[in-house]
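Structural overview for review
The chain contents come next:
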Amino acid sequence: MPKKGPAKKKEVPVREPYSPPPPPPWPPLTPVLPAEDLTVETVLPDQILTIPKFFTAALCKTYLNFASQSLNLTTTPGQPKRGEAVRVNDRISIYDLGFAERLWNETGLKDIVAREAGEGGGKELWGGEVLGLSPNIRVYRYSKGQFFDKHYDDTATFSIGDPQVRVQTTWTLLIYLTGTSDGVRGGETVFYTEATKHTQSEEYAVEPEKGTALLHKHGAHCLLHEGRVVTEDAGVGKWVLRTDLIVRR
């Protein structure tokens, strides 16, 4: 029997490191109202806040045209993974640190967050020292019949910047690019408080209105919430720009 030679080593293909696709050329964030002209409305103290006219009607139109013509949205599957809520909409996720910084600095949001934080610096309200917005930028479109079933938003922890800083998300930021004024019906973002021995669960509904920003606490303190079915989309749909507040971990 011939002697066996040394086993041949299998060649393992070298994988190129993953690099995300370049971000799109987002339009300028103009015109916007000065931070001092924007008001924060409380839906539920320390939990759900809205900023009407955060995006002007003109800016909403610019971003709607850009998103509908330049972004390749994908329809989510109707069958979710185990433990996930049913979501039927069109969406895209884009990693863009530069746009996150622009959205934070050029819209007045940075000043609004600092103003709401008060003397405590925001640790109690925002969950820590707010550094800006997550670079995970998402755009959603809900057409007639589409919805996002009841769910919770999780906290994400990651590092950004140079040098690297460890951060985590604490509040979800939704910016409605279209809404009831465009003929969209349904699609409310609805929150549910937990029932206790002495109180029943309460419902807080925020209608999608063009230009309004919705901030709500997420992670361990997130309320159960849903995006109700859009009953009329007026040929446009409910469009939402989403990211999150990030704090130093």
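Residues numbered from 1 in each chain as written. Predicted model: local features only at pLDDT ≥ 70, side-chain atom pairs only at ≥ 80, totals over all residues. Heavy atoms only, no water.

Looking up the protein chain in an unreviewed UniProt entry gives the name Prolyl 4-hydroxylase alpha subunit domain-containing protein, with the organism given as Choiromyces venosus 120613-1.

Before going further, it helps to spend a moment on the pattern of salt bridges. Overall, the coordinates contain ten salt bridges when judged by the stated rule. Across the pair R228 and E203 runs a salt bridge whose closest N-O atoms are separated by 3.1 Å. You can see R228 sitting in the loop between strand 15 (224-227) and strand 16 (230-232) and its partner E203 sitting in strand 13 (residues 203-206), a full 25 residues away along the chain. For E203, a relative accessible area of 47% translates into the label partly exposed. (Salt bridge = Lys/Arg side-chain N within 4 Å of Asp/Glu carboxyl O. Helix = DSSP H or I, 4+ residues; strand = E, 2+ residues; numbered from the N terminus. Buried < 20%, exposed > 50% of the residue type's maximum accessible area, 1.4 Å probe, protein only.)

A word on the sheet that holds strand 8 (residues 147-151). Ordered in space as 4-8-15-12-13, the five strands form an open sheet in which the pairing is antiparallel. The strands lining the two open edges of the sheet, one partner per strand, are strand 4 (87-88) and strand 13. The pairing of strand 12 (residues 189-192) with strand 13 spans four bridges and is classified as antiparallel. The residue bridging Y192 from the neighbouring strand is E203, located in strand 13. (Pairing = 2+ DSSP bridges.)

The next point concerns the layout of surface pockets. Taken as a whole, the largest pocket encloses approximately 870 Å³ of empty space. Taken together, 42 residues form the lining of the largest pocket, with R87, F148, H151, D153 and R242 sitting closest to its centre. Elements with a contribution of two residues or more to the lining of the largest pocket: strand 3 (74-75), strand 5 (90-95), strand 7 (136-142), strand 8, strand 10 (165-176), strand 15 and strand 17 (238-248). Grouping the amino acids of the lining of the largest pocket by side-chain chemistry returns 14 nonpolar, 16 polar and twelve charged. (1 Å grid on protein atoms, 1.4 Å probe; cavity = no way out; pocket = protein on both sides within 12 Å on 5 of 7 lines; lining within 4 Å. Points joined across faces, edges and corners; volume = space filled by probe spheres on them. Nonpolar A, V, L, I, M, F, W, Y, C, P; charged D, E, K, R; others polar.)

With that settled, consider the nonpolar core. Among the nonpolar cores identified, the biggest contains 42 residues, and F55, W126, I175 and L245 are the most heavily contacted of them. The element contributing the most residues to this core is helix 1 (residues 57-70), with six residues. Ignoring sequence-local partners within four residues, the contact set of I175 consists of F54, F55, L103, T212, A213, W239, V240 and L241. L44, Y140, L174 and L214 belong to the second largest nonpolar core, which has 15 residues in total. (Core = buried A, V, L, I, M, F, W, Y, C linked by side-chain atoms within 4.5 Å. Contact = heavy atoms within 4.5 Å.)

Buried residues of helix 3 (residues 109-117): L109, I112, V113 and A117, and no others. With its buried residues spanning 135° around the axis, helix 3 presents them on a single face. Downstream of helix 3 by a residue or two, G118 has a phi angle that is positive, lying close to 70°. (Arc of directions from axis to C-beta.)

Scanning the entire structure with this criterion turns up one cavity of 30 Å³ or more. Forming the walls of the largest cavity are W26, Y63, F66, A67, L71, V139, L177, V240 and L241. Of all the secondary-structure elements, those providing two or more residues to the lining of the largest cavity are helix 1 and strand 17. If one sorts the elements of the lining of the largest cavity by residue count, helix 1 sits on top with three residues. Looking at side-chain class alone, the lining of the largest cavity contains nine nonpolar, no polar and no charged residues.

A few words on the side chain of D244. Residue position: D244 is located in strand 17. There is a polar contact of 2.8 Å between the side chain of D244 and the side chain of R138. At 2.7 Å, the side chain of D244 and the side chain of R242 are in polar contact. Each residue touching D244, except ones within four places of it in the same chain, is listed here: G132, L133, S134, R138, T169, W171, T172, L173 and H218. (Polar contact = N/O pair within 3.5 Å; in protein donor to acceptor, adjacent residues only side chain to side chain.)

All right, on to the packing of aromatic side chains then. Tallied over the full model, the rule gives nine aromatic pairs. Grouping aromatic residues by their ring pairs yields a cluster made of W26, F54, F55, Y63, F66 and F99. The ring centre of Y192 lies 4.5 Å from the NZ or CZ of K150, which sits over that ring. Over the ring of Y142 we find K238; its NZ or CZ atom is 4.6 Å from the centre of that ring. (Phe/Tyr/Trp six-rings, centres within 6.5 Å; stacked < 30°, edge-to-face > 60°. Lys NZ or Arg CZ within 6 Å of the ring centre and 35° of its normal.)

Checked against the element boundaries, H218 lands in the loop between strand 14 (213-217) and strand 15. With relative accessibility at 3%, the residue H218 sits in the buried group. Within polar-contact distance, the side chain of H218 engages the side chain of T169 at 2.9 Å. Here T172 takes part through its side chain, which lies 2.8 Å from a polar atom of the side chain of H218. Ignoring sequence-local partners within four residues, the contact set of H218 consists of D153, D154, T155, T169, T170, W171, T172, R242 and D244.

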